[in-house]
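Structure assessment
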Amino acid sequence: MKRTRIIDVLNSSKVGDKLVVKGWVRAFRSNRFVQLNDGSTIKNLQAVVDFEQIDSELLKRITTASSVSLSGTLVESQGAGQAVELQVESLEILGDANPDDVQKTVMQPKKHSLDFLREQAHLRFRTNTFGAVFRIRHGVSFAIHKFFNDRGFFNLHTPILTGSDAEGAGEMFHVTNFDLGNIPKNEAGEVDFEQDFFGKQVNLTVSGQLEAELGALALGQVYTFGPTFRAENSNTSRHLAEFWMVEPEVAFNDLEDNMNLTEDFLKYICRYILDNFKDDLQFLNDRDAEEQKSKPEAERNALSLIERLEFVVNNNFERITYTRAIEILRNSKPYKKKKFKYPVEWGTDLQSEHERFLVEKEFNKPVIITDYPAAFKAFYMRQNDDGKTVAAMDVLFPGIGEIVGGSQREERMDILLEKCKAFNIPEDHIWWYLETRKFGTVPHAGFGLGFERMVMFVTGMSNIRDVIPFPRTPQNAEF
Ligand code: 4AD
Ligand code: MG
(Lines give C-alpha, C1' and ligand atoms only; values in the text may rest on other atoms or scores of the structure.)
(Ligands and ions follow the chains in the order given, each with its own letter.)
Protein backbone atom coordinates (compact mmCIF):
# COMPACT_ATOMS: atom_id res chain seq x y z
CA MET A 1 0.00 0.00 0.00
CA LYS A 2 1.13 3.53 -0.75
CA ARG A 3 2.36 5.62 2.16
CA THR A 4 0.15 8.49 3.32
CA ARG A 5 1.93 11.56 4.69
CA ILE A 6 0.90 12.49 8.21
CA ILE A 7 -0.33 15.92 7.14
CA ASP A 8 -2.73 14.21 4.73
CA VAL A 9 -3.82 11.69 7.37
CA LEU A 10 -4.71 14.54 9.73
CA ASN A 11 -6.33 16.74 7.10
CA SER A 12 -8.16 14.34 4.86
CA SER A 13 -8.20 10.70 5.95
CA LYS A 14 -11.40 9.34 7.48
CA VAL A 15 -12.09 7.08 10.40
CA GLY A 16 -12.07 3.52 9.06
CA ASP A 17 -9.42 4.20 6.39
CA LYS A 18 -6.66 1.60 6.04
CA LEU A 19 -3.34 3.39 5.96
CA VAL A 20 0.43 2.98 5.84
CA VAL A 21 2.45 5.72 7.50
CA LYS A 22 6.22 6.01 7.77
CA GLY A 23 8.28 8.29 9.93
CA TRP A 24 10.51 8.74 12.96
CA VAL A 25 9.40 7.93 16.49
CA ARG A 26 9.36 11.02 18.67
CA ALA A 27 8.21 9.15 21.79
CA PHE A 28 6.91 5.74 22.81
CA ARG A 29 4.84 5.63 25.98
CA SER A 30 3.48 2.73 28.06
CA ASN A 31 4.67 0.20 25.47
CA ARG A 32 1.59 1.27 23.54
CA PHE A 33 1.50 4.85 22.21
CA VAL A 34 3.84 5.88 19.41
CA GLN A 35 4.19 9.56 18.55
CA LEU A 36 5.17 9.50 14.90
CA ASN A 37 6.49 12.43 12.88
CA ASP A 38 7.35 12.42 9.19
CA GLY A 39 8.29 16.07 8.73
CA SER A 40 5.22 16.96 6.67
CA THR A 41 3.75 18.84 9.64
CA ILE A 42 4.74 19.80 13.15
CA LYS A 43 1.95 17.54 14.40
CA ASN A 44 2.65 13.94 15.32
CA LEU A 45 0.32 11.10 14.52
CA GLN A 46 -0.48 8.93 17.51
CA ALA A 47 -0.32 5.25 16.70
CA VAL A 48 -1.47 2.59 19.11
CA VAL A 49 0.18 -0.81 19.17
CA ASP A 50 -1.40 -3.75 20.90
CA PHE A 51 1.52 -5.25 22.83
CA GLU A 52 -0.27 -8.56 23.13
CA GLN A 53 -0.27 -8.89 19.35
CA ILE A 54 3.15 -7.56 18.45
CA ASP A 55 6.30 -9.56 19.02
CA SER A 56 8.08 -8.21 22.13
CA GLU A 57 11.48 -8.19 20.38
CA LEU A 58 10.00 -5.85 17.80
CA LEU A 59 8.41 -3.65 20.48
CA LYS A 60 11.80 -3.11 22.12
CA ARG A 61 13.10 -1.63 18.90
CA ILE A 62 10.48 1.14 18.87
CA THR A 63 12.63 3.82 20.44
CA THR A 64 12.90 7.59 20.13
CA ALA A 65 14.50 8.50 16.76
CA SER A 66 14.05 5.06 15.24
CA SER A 67 12.20 4.91 11.93
CA VAL A 68 9.17 2.73 11.39
CA SER A 69 6.52 1.82 8.89
CA LEU A 70 3.09 1.30 10.43
CA SER A 71 -0.01 -0.19 8.80
CA GLY A 72 -3.40 -0.07 10.37
CA THR A 73 -6.83 1.51 10.59
CA LEU A 74 -7.62 5.10 11.48
CA VAL A 75 -9.91 5.22 14.51
CA GLU A 76 -11.36 7.88 16.77
CA SER A 77 -8.93 8.56 19.56
CA GLN A 78 -9.92 7.64 23.12
CA GLY A 79 -7.37 9.97 24.64
CA ALA A 80 -7.24 13.74 24.80
CA GLY A 81 -4.93 15.66 22.48
CA GLN A 82 -5.86 14.17 19.14
CA ALA A 83 -9.08 13.45 17.28
CA VAL A 84 -7.86 10.35 15.50
CA GLU A 85 -5.15 7.76 15.94
CA LEU A 86 -3.83 4.82 14.00
CA GLN A 87 -4.69 1.39 15.32
CA VAL A 88 -1.59 -0.51 14.27
CA GLU A 89 -2.06 -3.91 12.66
CA SER A 90 1.47 -4.51 11.50
CA LEU A 91 4.74 -2.71 11.92
CA GLU A 92 8.18 -2.79 10.43
CA ILE A 93 11.33 -1.25 11.88
CA LEU A 94 13.08 0.65 9.09
CA GLY A 95 16.05 1.89 11.10
CA ASP A 96 17.06 1.33 14.72
CA ALA A 97 18.32 4.06 17.04
CA ASN A 98 20.31 3.10 20.10
CA PRO A 99 18.72 4.87 23.11
CA ASP A 100 22.11 5.43 24.79
CA ASP A 101 23.35 7.25 21.71
CA VAL A 102 20.10 9.18 21.29
CA GLN A 103 20.54 10.44 24.89
CA LYS A 104 23.56 12.42 23.73
CA THR A 105 21.72 14.16 20.93
CA VAL A 106 19.18 16.90 20.42
CA MET A 107 16.64 14.21 19.54
CA GLN A 108 16.23 13.36 23.18
CA PRO A 109 12.82 14.89 23.87
CA LYS A 110 13.60 17.72 26.28
CA LYS A 111 14.53 21.38 26.06
CA HIS A 112 17.95 22.00 24.52
CA SER A 113 19.89 25.24 24.22
CA LEU A 114 20.15 26.75 20.76
CA ASP A 115 23.94 26.52 21.07
CA PHE A 116 23.76 22.77 21.59
CA LEU A 117 21.32 22.50 18.71
CA ARG A 118 23.79 24.35 16.46
CA GLU A 119 26.52 21.89 17.36
CA GLN A 120 24.19 19.22 16.01
CA ALA A 121 22.95 21.06 12.95
CA HIS A 122 22.77 17.70 11.16
CA LEU A 123 20.18 16.44 13.65
CA ARG A 124 18.36 19.60 14.68
CA PHE A 125 15.92 19.21 11.76
CA ARG A 126 14.37 16.48 13.88
CA THR A 127 13.23 18.93 16.55
CA ASN A 128 9.92 20.77 16.57
CA THR A 129 11.58 24.18 16.50
CA PHE A 130 13.78 23.52 13.50
CA GLY A 131 11.11 21.57 11.66
CA ALA A 132 8.90 24.66 11.96
CA VAL A 133 11.71 27.06 11.02
CA PHE A 134 12.69 25.19 7.88
CA ARG A 135 9.16 24.60 6.68
CA ILE A 136 8.56 28.33 7.07
CA ARG A 137 11.87 29.14 5.37
CA HIS A 138 10.55 27.21 2.38
CA GLY A 139 7.28 29.14 2.62
CA VAL A 140 9.09 32.48 2.53
CA SER A 141 11.08 31.36 -0.49
CA PHE A 142 7.95 30.20 -2.29
CA ALA A 143 6.07 33.40 -1.41
CA ILE A 144 8.91 35.45 -2.90
CA HIS A 145 8.76 33.62 -6.21
CA LYS A 146 4.97 33.81 -6.23
CA PHE A 147 4.92 37.54 -5.47
CA PHE A 148 7.23 38.36 -8.35
CA ASN A 149 5.78 35.86 -10.79
CA ASP A 150 2.25 37.16 -10.16
CA ARG A 151 3.50 40.67 -10.95
CA GLY A 152 5.23 39.76 -14.20
CA PHE A 153 8.85 39.73 -13.00
CA PHE A 154 11.36 37.35 -14.54
CA ASN A 155 13.71 35.39 -12.31
CA LEU A 156 17.30 35.90 -13.44
CA HIS A 157 20.19 33.67 -12.39
CA THR A 158 23.17 35.95 -11.95
CA PRO A 159 26.68 34.52 -11.63
CA ILE A 160 28.15 33.33 -8.36
CA LEU A 161 31.69 33.63 -9.66
CA THR A 162 32.39 37.20 -10.69
CA GLY A 163 35.19 39.68 -11.23
CA SER A 164 33.32 42.61 -9.72
CA ASP A 165 32.73 43.91 -6.22
CA ALA A 166 29.29 45.47 -6.61
CA GLU A 167 29.15 46.97 -3.15
CA GLY A 168 32.75 48.18 -3.17
CA ALA A 169 33.27 47.06 0.39
CA GLY A 170 36.13 44.72 -0.47
CA GLU A 171 34.69 41.89 1.58
CA MET A 172 35.21 39.16 -0.96
CA PHE A 173 36.17 35.52 -0.88
CA HIS A 174 38.62 34.95 -3.68
CA VAL A 175 38.31 32.01 -6.03
CA THR A 176 41.32 30.42 -7.65
CA ASN A 177 42.63 27.09 -8.77
CA PHE A 178 46.24 28.05 -8.11
CA ASP A 179 48.30 25.62 -6.07
CA LEU A 180 48.20 27.67 -2.88
CA GLY A 181 51.67 26.50 -1.90
CA ASN A 182 53.09 27.80 -5.15
CA ILE A 183 51.31 30.88 -6.41
CA PRO A 184 52.73 32.33 -9.66
CA LYS A 185 54.10 35.86 -9.39
CA ASN A 186 54.77 38.38 -12.14
CA GLU A 187 57.96 40.40 -12.57
CA ALA A 188 56.74 43.01 -10.11
CA GLY A 189 56.35 40.29 -7.50
CA GLU A 190 52.54 40.45 -7.52
CA VAL A 191 50.25 37.47 -7.90
CA ASP A 192 49.99 36.73 -11.62
CA PHE A 193 46.24 36.33 -12.11
CA GLU A 194 46.73 36.01 -15.86
CA GLN A 195 47.83 32.46 -15.15
CA ASP A 196 44.79 31.77 -12.99
CA PHE A 197 41.77 29.80 -14.19
CA PHE A 198 39.82 32.80 -15.49
CA GLY A 199 42.88 34.84 -16.45
CA LYS A 200 41.86 37.47 -13.93
CA GLN A 201 41.05 37.87 -10.28
CA VAL A 202 37.66 36.35 -9.47
CA ASN A 203 35.62 36.18 -6.29
CA LEU A 204 32.32 34.89 -4.93
CA THR A 205 29.59 37.42 -5.59
CA VAL A 206 28.52 39.86 -2.88
CA SER A 207 25.39 40.83 -4.83
CA GLY A 208 23.71 40.04 -8.15
CA GLN A 209 22.61 43.62 -8.62
CA LEU A 210 24.89 44.82 -11.38
CA GLU A 211 23.95 41.90 -13.59
CA ALA A 212 20.28 42.24 -12.59
CA GLU A 213 20.37 45.83 -13.84
CA LEU A 214 21.54 44.60 -17.24
CA GLY A 215 18.57 42.21 -17.32
CA ALA A 216 16.06 44.83 -16.16
CA LEU A 217 17.18 47.21 -18.88
CA ALA A 218 15.85 44.75 -21.44
CA LEU A 219 13.30 42.54 -19.71
CA GLY A 220 11.76 45.43 -17.77
CA GLN A 221 11.51 43.80 -14.38
CA VAL A 222 13.61 40.98 -13.05
CA TYR A 223 14.62 39.53 -9.71
CA THR A 224 17.52 37.42 -8.55
CA PHE A 225 17.38 35.00 -5.65
CA GLY A 226 20.71 33.44 -4.92
CA PRO A 227 23.53 32.92 -2.50
CA THR A 228 25.85 35.83 -1.74
CA PHE A 229 29.10 35.80 0.16
CA ARG A 230 30.72 38.37 2.38
CA ALA A 231 33.99 37.99 4.18
CA GLU A 232 33.09 40.61 6.75
CA ASN A 233 34.47 39.60 10.08
CA SER A 234 31.36 40.48 12.04
CA ASN A 235 30.45 37.76 14.44
CA THR A 236 26.96 39.03 15.20
CA SER A 237 23.54 37.43 15.43
CA ARG A 238 22.61 39.09 12.11
CA HIS A 239 25.56 38.35 9.83
CA LEU A 240 26.46 35.29 7.82
CA ALA A 241 29.40 34.80 5.50
CA GLU A 242 27.07 32.94 3.12
CA PHE A 243 23.52 34.21 2.90
CA TRP A 244 20.73 34.42 0.34
CA MET A 245 19.62 37.65 -1.21
CA VAL A 246 16.58 38.59 -3.25
CA GLU A 247 17.21 41.47 -5.63
CA PRO A 248 14.42 42.88 -7.77
CA GLU A 249 15.35 45.49 -10.35
CA VAL A 250 12.78 47.51 -12.27
CA ALA A 251 13.21 49.74 -15.31
CA PHE A 252 11.38 53.11 -15.16
CA ASN A 253 10.97 52.94 -11.36
CA ASP A 254 12.09 55.81 -9.14
CA LEU A 255 12.80 55.75 -5.40
CA GLU A 256 9.14 56.22 -4.50
CA ASP A 257 8.10 53.25 -6.68
CA ASN A 258 10.94 51.29 -5.12
CA MET A 259 9.67 51.98 -1.59
CA ASN A 260 6.14 51.01 -2.58
CA LEU A 261 7.35 47.76 -4.11
CA THR A 262 9.41 46.91 -1.01
CA GLU A 263 6.54 47.59 1.32
CA ASP A 264 4.06 45.53 -0.72
CA PHE A 265 6.60 42.73 -0.97
CA LEU A 266 7.43 42.50 2.75
CA LYS A 267 3.75 42.67 3.68
CA TYR A 268 2.93 39.97 1.17
CA ILE A 269 5.49 37.59 2.68
CA CYS A 270 4.12 38.12 6.20
CA ARG A 271 0.55 37.62 4.99
CA TYR A 272 1.52 34.47 3.12
CA ILE A 273 3.09 32.88 6.20
CA LEU A 274 0.17 33.92 8.43
CA ASP A 275 -2.26 32.29 6.00
CA ASN A 276 -0.35 29.15 5.05
CA PHE A 277 1.80 28.11 8.02
CA LYS A 278 -0.62 28.37 10.92
CA ASP A 279 0.55 25.32 12.91
CA ASP A 280 4.26 26.04 12.63
CA LEU A 281 3.69 29.71 13.35
CA GLN A 282 1.58 28.97 16.41
CA PHE A 283 4.35 26.74 17.74
CA LEU A 284 6.98 29.43 17.16
CA ASN A 285 4.65 32.05 18.61
CA ASP A 286 4.43 30.09 21.87
CA ARG A 287 8.16 29.44 21.84
CA ASP A 288 8.80 33.17 21.36
CA ALA A 289 6.41 33.99 24.22
CA GLU A 290 8.45 31.70 26.51
CA GLU A 291 11.68 33.32 25.38
CA GLN A 292 10.30 36.82 25.97
CA LYS A 293 9.58 35.86 29.57
CA SER A 294 13.23 35.12 30.22
CA LYS A 295 14.31 38.56 28.97
CA PRO A 296 14.65 41.66 31.12
CA GLU A 297 11.44 43.72 31.14
CA ALA A 298 12.86 46.51 28.97
CA GLU A 299 13.86 44.15 26.16
CA ARG A 300 10.61 42.24 26.03
CA ASN A 301 8.41 42.59 23.01
CA ALA A 302 4.94 43.84 23.81
CA LEU A 303 3.57 41.97 20.79
CA SER A 304 3.56 38.24 20.22
CA LEU A 305 5.16 36.87 17.06
CA ILE A 306 1.82 36.53 15.29
CA GLU A 307 0.84 40.04 16.39
CA ARG A 308 4.13 41.37 15.02
CA LEU A 309 3.40 39.87 11.61
CA GLU A 310 -0.17 41.20 11.66
CA PHE A 311 1.18 44.57 12.63
CA VAL A 312 3.49 44.72 9.61
CA VAL A 313 0.67 43.69 7.29
CA ASN A 314 -1.79 46.25 8.68
CA ASN A 315 0.34 49.36 9.15
CA ASN A 316 2.16 51.67 6.80
CA PHE A 317 5.91 51.78 7.13
CA GLU A 318 7.30 55.07 8.41
CA ARG A 319 9.27 56.90 5.72
CA ILE A 320 11.86 59.48 6.72
CA THR A 321 15.00 60.95 5.20
CA TYR A 322 18.40 60.39 6.70
CA THR A 323 18.57 64.11 7.52
CA ARG A 324 15.32 63.86 9.49
CA ALA A 325 16.60 60.72 11.24
CA ILE A 326 19.66 62.64 12.43
CA GLU A 327 17.42 65.42 13.74
CA ILE A 328 15.23 62.97 15.64
CA LEU A 329 18.27 61.21 17.10
CA ARG A 330 19.90 64.45 18.23
CA ASN A 331 16.70 65.41 20.01
CA SER A 332 16.30 62.03 21.65
CA LYS A 333 16.67 61.20 25.34
CA PRO A 334 19.52 58.69 24.90
CA TYR A 335 21.44 61.27 22.84
CA LYS A 336 20.99 64.00 25.42
CA LYS A 337 21.91 61.61 28.22
CA LYS A 338 24.97 60.49 26.22
CA LYS A 339 23.72 56.93 26.07
CA PHE A 340 24.72 56.36 22.43
CA LYS A 341 28.16 54.89 21.97
CA TYR A 342 28.64 56.27 18.46
CA PRO A 343 28.40 59.91 17.36
CA VAL A 344 25.22 61.24 15.75
CA GLU A 345 26.28 63.76 13.14
CA TRP A 346 25.13 64.51 9.64
CA GLY A 347 27.57 62.67 7.38
CA THR A 348 28.31 59.65 9.57
CA ASP A 349 26.56 56.33 9.05
CA LEU A 350 23.81 55.23 11.41
CA GLN A 351 24.90 52.51 13.82
CA SER A 352 22.62 49.73 14.94
CA GLU A 353 21.98 51.46 18.30
CA HIS A 354 20.58 54.45 16.35
CA GLU A 355 18.52 52.27 14.02
CA ARG A 356 17.10 50.37 16.96
CA PHE A 357 16.12 53.57 18.70
CA LEU A 358 14.25 54.81 15.63
CA VAL A 359 12.48 51.54 14.93
CA GLU A 360 11.82 50.22 18.42
CA LYS A 361 11.41 53.38 20.49
CA GLU A 362 10.54 56.35 18.28
CA PHE A 363 8.23 54.76 15.70
CA ASN A 364 7.67 51.21 16.88
CA LYS A 365 7.13 49.98 13.32
CA PRO A 366 9.15 49.32 10.17
CA VAL A 367 10.97 52.44 9.02
CA ILE A 368 12.33 53.31 5.59
CA ILE A 369 15.22 55.76 5.72
CA THR A 370 16.03 57.50 2.44
CA ASP A 371 18.48 59.94 0.92
CA TYR A 372 21.68 59.09 2.72
CA PRO A 373 24.93 61.02 2.24
CA ALA A 374 26.68 59.77 -0.89
CA ALA A 375 29.96 59.17 0.91
CA PHE A 376 29.04 55.92 2.66
CA LYS A 377 26.72 54.46 0.05
CA ALA A 378 27.65 52.50 -3.09
CA PHE A 379 28.81 54.14 -6.34
CA TYR A 380 25.73 53.13 -8.34
CA MET A 381 23.18 55.09 -6.27
CA ARG A 382 21.55 58.06 -8.01
CA GLN A 383 22.83 61.44 -6.98
CA ASN A 384 20.17 63.84 -5.67
CA ASP A 385 19.93 67.46 -6.80
CA ASP A 386 21.48 68.68 -3.54
CA GLY A 387 24.75 67.14 -4.70
CA LYS A 388 25.32 65.64 -1.24
CA THR A 389 22.84 62.80 -0.89
CA VAL A 390 21.82 59.81 -3.01
CA ALA A 391 18.44 58.21 -3.70
CA ALA A 392 19.13 55.34 -1.30
CA MET A 393 16.73 53.54 0.99
CA ASP A 394 17.23 51.18 3.91
CA VAL A 395 14.30 49.35 5.45
CA LEU A 396 14.67 48.74 9.18
CA PHE A 397 12.59 46.17 11.05
CA PRO A 398 11.95 45.90 14.78
CA GLY A 399 14.26 43.35 16.38
CA ILE A 400 16.21 42.88 13.16
CA GLY A 401 17.60 46.23 12.03
CA GLU A 402 18.37 46.60 8.34
CA ILE A 403 16.42 44.04 6.36
CA VAL A 404 16.49 45.70 2.92
CA GLY A 405 18.97 48.00 1.22
CA GLY A 406 18.22 49.58 -2.14
CA SER A 407 18.23 52.67 -4.30
CA GLN A 408 17.35 54.37 -7.52
CA ARG A 409 20.34 53.82 -9.79
CA GLU A 410 22.51 56.46 -11.43
CA GLU A 411 21.38 56.31 -15.05
CA ARG A 412 23.31 59.41 -16.24
CA MET A 413 26.59 58.38 -17.80
CA ASP A 414 28.55 61.55 -16.99
CA ILE A 415 27.68 61.42 -13.30
CA LEU A 416 28.25 57.67 -13.13
CA LEU A 417 31.72 58.10 -14.61
CA GLU A 418 32.54 60.74 -12.01
CA LYS A 419 31.33 58.39 -9.30
CA CYS A 420 33.56 55.60 -10.61
CA LYS A 421 36.53 57.94 -10.39
CA ALA A 422 35.63 59.07 -6.89
CA PHE A 423 35.25 55.45 -5.75
CA ASN A 424 38.42 54.27 -7.52
CA ILE A 425 36.58 51.83 -9.73
CA PRO A 426 38.54 51.32 -12.96
CA GLU A 427 36.23 51.82 -15.95
CA ASP A 428 37.66 48.78 -17.68
CA HIS A 429 36.43 46.60 -14.78
CA ILE A 430 32.78 47.47 -15.34
CA TRP A 431 32.72 48.66 -18.94
CA TRP A 432 29.81 46.31 -19.56
CA TYR A 433 27.77 47.96 -16.79
CA LEU A 434 28.56 51.43 -18.09
CA GLU A 435 27.50 50.53 -21.63
CA THR A 436 23.84 50.20 -20.59
CA ARG A 437 23.94 53.95 -19.91
CA LYS A 438 25.11 54.47 -23.47
CA PHE A 439 22.28 52.69 -25.25
CA GLY A 440 18.86 53.97 -24.24
CA THR A 441 19.50 54.56 -20.56
CA VAL A 442 16.40 54.89 -18.35
CA PRO A 443 15.70 55.61 -14.71
CA HIS A 444 15.54 52.37 -12.76
CA ALA A 445 15.60 51.14 -9.20
CA GLY A 446 15.88 48.03 -7.11
CA PHE A 447 16.68 46.63 -3.71
CA GLY A 448 18.13 43.64 -1.91
CA LEU A 449 16.32 41.70 0.79
CA GLY A 450 18.46 39.70 3.18
CA PHE A 451 16.52 36.44 2.97
CA GLU A 452 17.67 35.06 6.34
CA ARG A 453 16.85 38.32 8.09
CA MET A 454 13.32 38.04 6.75
CA VAL A 455 13.12 34.43 7.94
CA MET A 456 14.30 35.62 11.37
CA PHE A 457 11.48 38.13 11.46
CA VAL A 458 8.72 35.69 10.52
CA THR A 459 9.95 32.88 12.78
CA GLY A 460 10.91 35.04 15.76
CA MET A 461 14.33 33.37 15.93
CA SER A 462 16.84 35.83 17.34
CA ASN A 463 20.03 34.41 15.84
CA ILE A 464 20.55 34.25 12.08
CA ARG A 465 22.42 30.94 12.54
CA ASP A 466 19.12 29.35 13.46
CA VAL A 467 17.27 30.12 10.24
CA ILE A 468 19.74 28.68 7.69
CA PRO A 469 20.37 24.92 7.69
CA PHE A 470 24.15 25.12 7.84
CA PRO A 471 25.43 28.55 8.85
CA ARG A 472 28.80 29.84 7.67
CA THR A 473 30.33 32.36 10.05
CA PRO A 474 33.91 33.29 10.97
CA GLN A 475 35.78 30.16 12.14
CA ASN A 476 32.80 27.99 11.41
CA ALA A 477 32.06 25.86 8.36
CA GLU A 478 31.27 22.51 9.95
CA PHE A 479 28.77 20.19 8.23
O1 4AD B 1 22.46 46.54 1.83
P2 4AD B 1 23.15 45.53 0.97
O3 4AD B 1 24.63 45.42 1.07
O4 4AD B 1 22.69 45.87 -0.51
C5 4AD B 1 23.14 45.28 -1.66
O6 4AD B 1 23.89 44.36 -1.72
C7 4AD B 1 22.50 45.86 -2.89
N8 4AD B 1 23.26 45.39 -4.06
C9 4AD B 1 21.05 45.46 -2.97
C10 4AD B 1 20.35 46.03 -4.17
O11 4AD B 1 20.09 47.21 -4.19
N12 4AD B 1 20.06 45.20 -5.14
O13 4AD B 1 22.54 44.09 1.27
C14 4AD B 1 21.15 43.86 1.13
C15 4AD B 1 20.61 43.14 2.34
C16 4AD B 1 20.81 43.87 3.65
O17 4AD B 1 19.81 44.85 3.84
C18 4AD B 1 20.72 42.75 4.66
O19 4AD B 1 19.36 42.43 4.92
C20 4AD B 1 21.33 41.59 3.91
O21 4AD B 1 21.31 41.91 2.53
N22 4AD B 1 22.71 41.35 4.33
C23 4AD B 1 23.11 40.31 5.07
N24 4AD B 1 22.43 39.28 5.60
C25 4AD B 1 23.11 38.36 6.30
N26 4AD B 1 24.45 38.40 6.50
C27 4AD B 1 25.19 39.41 5.97
N28 4AD B 1 26.51 39.41 6.15
C29 4AD B 1 24.51 40.43 5.22
N30 4AD B 1 24.91 41.54 4.57
C31 4AD B 1 23.82 42.07 4.03
MG1 MG C 1 22.93 47.92 3.28
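Residues numbered from 1 in each chain as written. Chains lettered and ligands numbered in written order. Predicted model: local features only at pLDDT ≥ 70, side-chain atom pairs only at ≥ 80, totals over all residues. Heavy atoms only, no water.

**Examining the overall build of the chain**
Scanning the chain for helices and strands turns up 15 helices and 16 strands. Summarising its shape, the C-alpha atoms of the chain cover approximately 85 × 60 × 45 Å along the three principal directions. Scored against the burial criterion, the 479 residues of the chain give a buried share of 49%. Considering only contacts in the chain between residues 6 or more positions apart, those separated by 24 or more positions represent 67%. Accessible surface for the chain amounts to roughly 23,600 Å². Of this, 49% is attributable to carbon and sulfur atoms. (Helix = DSSP H or I, 4+ residues; strand = E, 2+ residues; numbered from the N terminus. Buried < 20%, exposed > 50% of the residue type's maximum accessible area, 1.4 Å probe, protein only. Contact = heavy atoms within 4.5 Å. Areas by Shrake-Rupley, 256 points an atom, 1.4 Å probe, with all protein chains shown as cover.)

**Points about the pattern of salt bridges**
Tallied over the entire structure, the rule returns 31 salt bridges. Across the pair Arg 409 and Glu 249 runs a salt bridge, and its minimum N-O distance is 2.8 Å. Taken together, the residues span a long stretch of sequence, with Arg 409 in the loop between strand S15 (401–408) and helix H13 (413–422) and Glu 249 in strand S11 (residues 242–251) at a distance of 160 residues. Side by side, Arg 409 and Glu 249 carry an identical accessibility label, which is buried. For Arg 300, the salt bridge is made with Glu 297, and the minimal N-O distance between the two is 3.8 Å. Taking the relative accessible area as the measure of exposure, Glu 297 reaches 64% and is therefore exposed. Overlapping salt bridges, with partners in common, bring together Asp 115, Arg 118, Arg 124 and Asp 466 in one network. (Salt bridge = Lys/Arg side-chain N within 4 Å of Asp/Glu carboxyl O.)

**Quick word on the environment of Val 9**
Within the fold, Val 9 resides in helix H1 (residues 6–12). On a C-alpha basis, the gap between Val 9 and Val 84 in space is 9.2 Å, while along the polypeptide they are 75 residues apart. Setting aside residues no more than four positions away along its own chain, Val 9 makes contact with Thr 4, Leu 19, Val 21, Leu 45 and Leu 74.

**Quick word on the domain arrangement of the chain**
Accessible area lost upon the coming together of the parts is a frequently used measure of interface size. One can read the domain layout of the chain as domain 1 (6–104) and domain 2 (128–171 + 206–466). Contact with domain 1, which involves six residues of that partner, is made by six residues of domain 2. There are one salt bridge connecting domain 1 and domain 2. When the shortest N-O distance is used, the salt bridge between Asp 279 and Lys 43 registers 3.5 Å. At the junction of domain 1 and domain 2, the tally comes to two residue pairs in polar contact (both at pLDDT 80 or more). Class assignment for the residues of the side of domain 1 that touches domain 2 results in one nonpolar, three polar and two charged. (Domains from an automatic or database assignment. Polar contact = N/O pair within 3.5 Å; in protein donor to acceptor, adjacent residues only side chain to side chain. Nonpolar A, V, L, I, M, F, W, Y, C, P; charged D, E, K, R; others polar.)

**Notes on the nonpolar core**
Ranked by size, the top nonpolar core spans 67 residues in total, and within it Val 140, Ile 144, Phe 265, Leu 266, Ile 403 and Leu 449 carry the most contacts. When we break this core down by domain, the ones giving at least three residues each are domain 1 (6–104) and domain 2 (128–171 + 206–466). Residue contacts for Val 140: discarding those within four places in its chain leaves Ile 269, Ile 273, Phe 451, Met 454, Val 455 and Val 458. With 32 residues, the next largest nonpolar core counts Met 172, Tyr 322, Val 344 and Phe 379 among its residues. (Core = buried A, V, L, I, M, F, W, Y, C linked by side-chain atoms within 4.5 Å.)

**Some remarks on the sheet that holds strand S14 (residues 392–397)**
In sheet architecture, strand pairing relies on hydrogen bonds along the backbone and comes in two forms, parallel and antiparallel. Strands sit in the order S6-S10-S11-S16-S15-S14-S13-S12 across an open sheet of eight strands; the sheet is mixed. Looking along the sheet, the strands with just one partner apiece sit at the ends: strand S6 (154–155) and strand S12 (318–321). Direction of pairing for strand S10 (residues 221–229) relative to S11: antiparallel, over a ladder of nine bridges. Along S11, the bridge assignment pairs Val 222 with Glu 249. The sheet strands contacting helix H7 (residues 255–276) are S11, S12, strand S13 (367–370), S14, S15 and strand S16 (444–450), and the helix crosses S16 at an angle near 30 degrees. (Pairing = 2+ DSSP bridges. Axes fitted to C-alpha atoms, helices over the stretch in contact; angles between N-to-C directions.)

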